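An overview of the molecular structure
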Amino acid sequence: MVKIVDVAKKANVSTATVSRVLTNSSAVKKDTAEKVLAAIEALNYQPNLLARQLRRMETKTILVVVPDITNTFFSKVLRGIEFVANQSGYQVLLGDSLNDSKKESDYLHLLRQRKADGMILLTARLSEKEIEEIALEFPVVLACEYTPGLNVPTVSIDNVQSAKKATDYLVSLGYKRIGFISGPFDVVLGRDRLEGFRQSMIENKLGEKDLLVQEGDFTFESGYAAMGTFLDMQEPPEAIFAANDEMAIGAIKAIHSKGLKVPNDISVVGFDDIAFASIFEPSLTTIAQPSFEMGETAMKLLIKQLNKEEIEKKQYILEDKLIIRETSRKC
């Protein structure tokens, strides 16, 4: 089997230089690096990654924990993470917590067992104490969901202002009786998007005490059920804002089941801009999150921590965008 010393001999360099080339070190001159790479190719050298990882006490693996792998929003976030991870020589280990804080906590054992070098949490159901404790031992980044005030790098959008923007848009179309299908109240995204809806309704003098709110859980089924409750009211809402696209699509299905049409009878706005939002009929008006960029940014921050580099700030707020499509129209 070809060894690193064989490559060094063929390239007429030291084994340390070969090692630096293998780790993409900038300390090696370009012409020297090219000689080493030519020798590696000529000898078909395969680095012993396991031995290198044992020497450095690293796995070149990062753990990503998602709250619900069936939620299609996370697919683009994961692509962003994996894109940067692959460029940097890391592989991604995926954990699905099934919206269970206990299962999230269990994944922390993988870090403590040294099965991953760091972690990106796309969910924030763990207690502040648990996150702070694990962040003292390992590099950790929160993305999408977050815990306010936590001293851990966080990547998200401003969910309060995004939800306010969506509600303001429906108000601008002339709607006064607007229903909101929220996420779970015990999750920060559910609370923040509800707060944005509430702020818009108050600022537009559409009341606070009689807000039309149904709690969902970010699934299609909960959107369908919540919309059914709204439609059973003596005065159903004229428009619906749902805290994610899957619930919005569930709401549209419920509206159609009653023989009503979107947007002719009821306008609907979602949140996330999942891939299905643009091809669904009618195509869904929604708040677009920069999901791929979220994943990229989170992974870059994690790599900085892994490399012991300084992080300029703890909270990274990315820009969202209102995408107007066919499910909304003037009142």
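Our subject is the structure that appears above.
Residues numbered from 1 in each chain as written. Predicted model: local features only at pLDDT ≥ 70, side-chain atom pairs only at ≥ 80, totals over all residues. Heavy atoms only, no water.

**Section: the overall build of the protein**
Looking only at helices and strands, the protein has 13 helices and 12 strands in total. Classification of the 331 residues of the protein by burial places 52% in the buried group. Considering only intrachain contacts with a sequence separation of at least 6, the fraction spanning at least 24 residues in the protein is 71%. When the accessible surface of the protein is summed, it comes to about 16700 Å², and 49% of that surface belongs to carbon and sulfur atoms. (Helix = DSSP H or I, 4+ residues; strand = E, 2+ residues; numbered from the N terminus. Buried < 20%, exposed > 50% of the residue type's maximum accessible area, 1.4 Å probe, protein only. Contact = heavy atoms within 4.5 Å. Areas by Shrake-Rupley, 256 points an atom, 1.4 Å probe, with all protein chains shown as cover.)

**Details of unusual backbone geometry**
Residue P263 is bonded to the preceding V262 through a cis peptide linkage, with omega at 10°. Here P263 lies in the loop between α11 (245-257) and β9 (267-272). With omega at -5°, the peptide bond leading from E281 into P282 counts as cis. If you trace the backbone, P282 turns up in the loop between α12 (275-279) and β10 (285-288). Phi at K205 is positive, roughly 55°, even though this residue is not glycine. Position of K205 relative to the elements: it lies in the loop between α9 (188-203) and β7 (212-215). Despite not being glycine, D272 has its phi angle at roughly 125°, a positive value. Here D272 shows up in strand β9. Exposure remark for D272: the relative accessible area of 5% places this residue in the buried category.

**Side note on the nonpolar core**
Grouped together as the largest cluster of nonpolar side chains are 72 residues, with contacts concentrated most on I120, L122 and M299. Every residue in contact with I120, bar those within four places of it in the chain, is listed here: I62, L63, V64, V65, I81, V141, A143, A298, M299 and L302. If you look at the next biggest cluster of nonpolar residues, it comprises 17 residues, including M119, I134, V140 and L142. (Core = buried A, V, L, I, M, F, W, Y, C linked by side-chain atoms within 4.5 Å.)

**Here's the deal with helix α6 (residues 101-112)**
Given a rise of 1.5 Å per residue, 12 residues ought to cover 16 Å, and the 18 Å separating the end C-alpha atoms of α6 matches this to within 8%. Looking at α6, one finds that the buried residues are E104, S105, Y107, L108, L110 and L111. Taken together, the buried residues of α6 touch β1 (61-66), β2 (91-96), β3 (118-121) and α7 (128-137). Between the side-chain oxygen of the N-cap and the backbone nitrogen of K102 there are 2.9 Å, and the N-cap of α6 in question is D100. Taken from the residues just after α6, R114 is the one with a positive phi, measuring 60°. (Expected span 1.5 Å × (residues − 1). Polar contact = N/O pair within 3.5 Å; in protein donor to acceptor, adjacent residues only side chain to side chain.)

**Things to note about the packing of helix α5 (residues 73-87) against helix α13 (residues 291-306)**
Axis separation between α5 and α13 bottoms out at 7 Å; the angle between their running directions is 40°. Compared by their axis directions, α5 and α13 come out oblique. The crossing of α5 and α13 is right-handed. Of the residues in α13, those in contact with F73, K76, V77, R79, G80, I81, F83, V84 and A85 of α5 are S291, F292, M294, G295, E296, M299, K300 and I303. Each residue belonging to the contact of α5 with α13 can be placed in one class, and the counts come to 10 nonpolar, three polar and four charged. (Axes fitted to C-alpha atoms, helices over the stretch in contact; angles between N-to-C directions. Parallel < 35°, antiparallel > 145°, perpendicular 65-115°, else oblique. Left-handed = near helix turned anticlockwise from the far one by under 90°. Nonpolar A, V, L, I, M, F, W, Y, C, P; charged D, E, K, R; others polar.)

**Brief notes about the side chain of S222**
Its place among the elements puts S222 in helix α10 (residues 220-231). Classification of S222 by relative accessible area gives buried; the value is 12%. Within the structure, S222 has its side chain in polar contact with the side chain of D217 (distance 2.9 Å). In contact with S222, not counting residues within four places along its chain, are G216, D217 and M247.

Bear in mind that shape data such as this cannot, by itself, settle questions of function.
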